[in-house]
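Per-entry structural report
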Amino acid sequence: MIKKRYNNINDFLEDASFKNWCLQTNGSDINFWEFWVANNPDKSALVNKARDLVLGVSFDAKLVSKEKVAFEWKKLEAKIQSNKKNPKQKVRFLTQFGAAASVLLLISLSFYFLSGTGKVTHKTNYGEILNIKLQDGSDVTLNSNSTLSYYKNESRKVWLSGEAFFQVDKKVATQAKFWVLTDDLSVEVYGTSFNVSTKKKKTDVFLEEGSIWLKLKNGADKKMVPGNYVSYSSKKDLILEDKNIFNPIVKTSWKDGSLLFENLSLEKAMEKIEESYGFSIVFKDDKSKNISITGAVPITNIDICIKAIEKSVDVTIIKKGDSLVISEK
């Protein structure tokens, strides 16, 4: 956010972030302007007039054209063909590629709510990724089908359902803690980078850098160091996994618009697609389930994602209502 002076209505109208705040379409801009308005009460009249003008204008949603999708797919297909391994090998490789094409196709329709109690809630739909700037300076990337909540004047204590990557701003002067609360545990930090997922009735925490403490629902504490991955279920009162991850991108690549697989079965890989898009996965044969995948696929466009998997592991994936049906070619 570029800081500037706002002395007249045009200063507000010419600022894209101000329009985003008026239309409630970007979490980071919403947070910035809520804070700005609260700290500039002398500009409230100008703000209200400018907001009325913005809300009085209708905007048509700009969708990505079919030609653009086809163009990006052709580029991706060329990379897949150039990197494809011997078709007789049991392990097939997806191409490694940047997330630029998939990010280009991302249209965010995330929701933002402010309740009467001052509780702020950000919510994403399937296939959406949202970047949020908290008032304390911390950055949060919220994955698809996820919800992040906090009170307006206490953004260093958040509630998470789904998945999010946190880059917490360290408060050296006050040593103020940052808390992430889920149904299974709470994460206590000062300043660090980590990933939290609450899917499948458990909470998974991966620490990228720094150090954190987990406060489990059963009352136990656990310290984590960089590279640690812990999965805990309060329902089972059990730590399901506790290991070190040597390739951090495996756990965090989703925030850049792609999923990275390392020698993963197609069945397990499609579970990730199911989490991102909400489709039920149906395999027509057991052989397809066991094909191994190593590589990356974009997750911000389901059609390109499906084509990438089809071309790389020689299967057919058909969308039927809310299901993805997979079979051998």
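The structure we're discussing is the one just above.
Computed from a predicted model, the values in this text were never measured in an experiment.

Quick notes on the rules
Residues numbered from 1 in each chain as written. Predicted model: local features only at pLDDT ≥ 70, side-chain atom pairs only at ≥ 80, totals over all residues. Heavy atoms only, no water. Helix = DSSP H or I, 4+ residues; strand = E, 2+ residues; numbered from the N terminus. Buried < 20%, exposed > 50% of the residue type's maximum accessible area, 1.4 Å probe, protein only. Contact = heavy atoms within 4.5 Å. Arc of directions from axis to C-beta. Pairing = 2+ DSSP bridges. Axes fitted to C-alpha atoms, helices over the stretch in contact; angles between N-to-C directions. Salt bridge = Lys/Arg side-chain N within 4 Å of Asp/Glu carboxyl O. Parallel < 35°, antiparallel > 145°, perpendicular 65-115°, else oblique. Nonpolar A, V, L, I, M, F, W, Y, C, P; charged D, E, K, R; others polar. Expected span 1.5 Å × (residues − 1). Polar contact = N/O pair within 3.5 Å; in protein donor to acceptor, adjacent residues only side chain to side chain. Phe/Tyr/Trp six-rings, centres within 6.5 Å; stacked < 30°, edge-to-face > 60°.

For the chain, the count of helices and strands is 10 helices and 21 strands. Per-residue burial for the chain yields a buried fraction of 44% across its 329 residues. A sequence separation of at least 24 residues applies to 51% of the contacts in the chain between residues at least 6 apart.

Relative to the helices and strands, arginine 156 is located in strand β7 (residues 154–161). In this structure arginine 156 comes out as buried when scored by relative accessible area, which is 11%.

Here we take up helix α2 (residues 16–23). If you check which residues of α2 are buried, you get Ser17, Phe18, Trp21 and Cys22. For α2, the buried positions fall inside an angular range of 145 degrees around the axis, keeping them on one side. Remark: glutamine 24 follows α2 within two positions and exhibits a positive phi of approximately 55 degrees.

Turning next to the environment of alanine 176. Position of alanine 176 among the secondary structure elements: in the loop between β8 (163–167) and β9 (178–181). Residue alanine 176 is classed as partly exposed on the basis of its relative accessible area of 26%. The sequence separation of alanine 176 and glycine 191 amounts to 15 residues, and the corresponding C-alpha distance is 9.2 Å. With sequence-adjacent residues up to four places away left out, alanine 176 is seen in contact with Arg156, Lys171, Val189 and Tyr190.

The next subject is the sheet that holds strand β15 (residues 228–233). Here seven strands make up an open sheet; going across it, the order is β4-β5-β8-β11-β12-β15-β16 and the pairing antiparallel. The open sheet has two free edges, formed respectively by β4 (130–133) and β16 (238–244), since each of these has just one partner strand. The sheet shows a mean angle of 15 degrees between the axes of neighbouring strands, taken without regard to direction. Bridge count for strand β5 (residues 139–142) against β8 is four bridges, and the pairing is antiparallel. Each residue of the ladder has a partner; that of aspartate 139, found in β8, is glutamine 167.

Right, let's get into the pattern of salt bridges. Using the criterion set out here, one finds 16 salt bridges in the structure. Notably, a salt bridge pairs aspartate 242 with lysine 222, separated by 2.8 Å at the nearest N-O pair. Here the residue aspartate 242 occupies a position in strand β16, and lysine 222 occupies one in strand β14 (residues 221–224), the gap between them amounting to 20 residues. A salt bridge links lysine 287 to glutamate 328; the nearest nitrogen and oxygen atoms lie 3.5 Å apart.

Here three strands make up an open sheet; going across it, the order is β18-β21-β20 and the pairing mixed. Strands with a single pairing partner mark the edges of an open sheet, and in this sheet they are β18 (280–283) and β20 (315–320). Taken pair by pair, the neighbouring strands of this sheet meet at an average axis angle of 25 degrees, ignoring direction. Inspection of the sheet shows β20 paired to strand β21 (residues 323–328) by six bridges, in the antiparallel sense. Residue isoleucine 318 lies in a different strand from β21, and its bridge partner there is valine 325. Packing against the sheet, helix α8 (residues 266–277) makes contact with β18, β20 and β21, and its axis sits at approximately 155 degrees to β18.

With that settled, the discussion passes to the packing of α8 against helix α10 (residues 302–313). Relative to each other, α8 and α10 sit at 175 degrees, their axes nearing to 12 Å. With respect to α10, the element α8 is oriented roughly antiparallel. Taking contact as the criterion, the partners of Leu266, Met270, Ile273 and Tyr277 in α8 are, on α10, Ile302, Cys305, Ile309 and Val313.

Below, the discussion takes up the packing of α2 against helix α3 (residues 27–38). Following both chains from N to C, one finds α2 and α3 inclined at 95 degrees, their axes separated by 8 Å at the closest point. In terms of their interaxial angle, α2 and α3 are classed as roughly perpendicular. Only Asp29, Ile30, Trp33, Glu34 and Val37 of α3 make contact with α2, whose side of the interface consists of Ser17, Phe18, Asn20 and Trp21. Here the contact of α2 with α3 is built from residues that sort into five nonpolar, two polar and two charged.

The end-to-end C-alpha distance of α10 is 17 Å, a good match for the 16 Å that 12 residues give at a rise of 1.5 Å each. With nine of 12 residues buried, α10 lies mostly within the body of the structure. Of the residues making up α10, those classed as buried are Ile302, Ile304, Cys305, Ile306, Ala308, Ile309, Glu310, Ser312 and Val313. The opening residue of α10, the one whose side-chain oxygen lies 3.2 Å from the backbone nitrogen of aspartate 303, is asparagine 301.

To continue, consider the packing of aromatic side chains. Scanning all chains against the criterion turns up 14 aromatic pairs. The interplanar angle of 25 degrees and the centroid separation of 5.1 Å between the aromatic rings of tyrosine 6 and phenylalanine 12 together place this pair among those described as stacked. Across the pair, exposure class does not vary: tyrosine 6 and phenylalanine 12 are buried alike. In textbook terms, an aromatic cluster arises when at least three aromatic residues are bridged by ring pairs, as seen for Tyr6, Phe12, Phe18, Trp21, Phe32, Trp33 and Trp36.

Remember, this is a structural readout, not a statement about activity or role.
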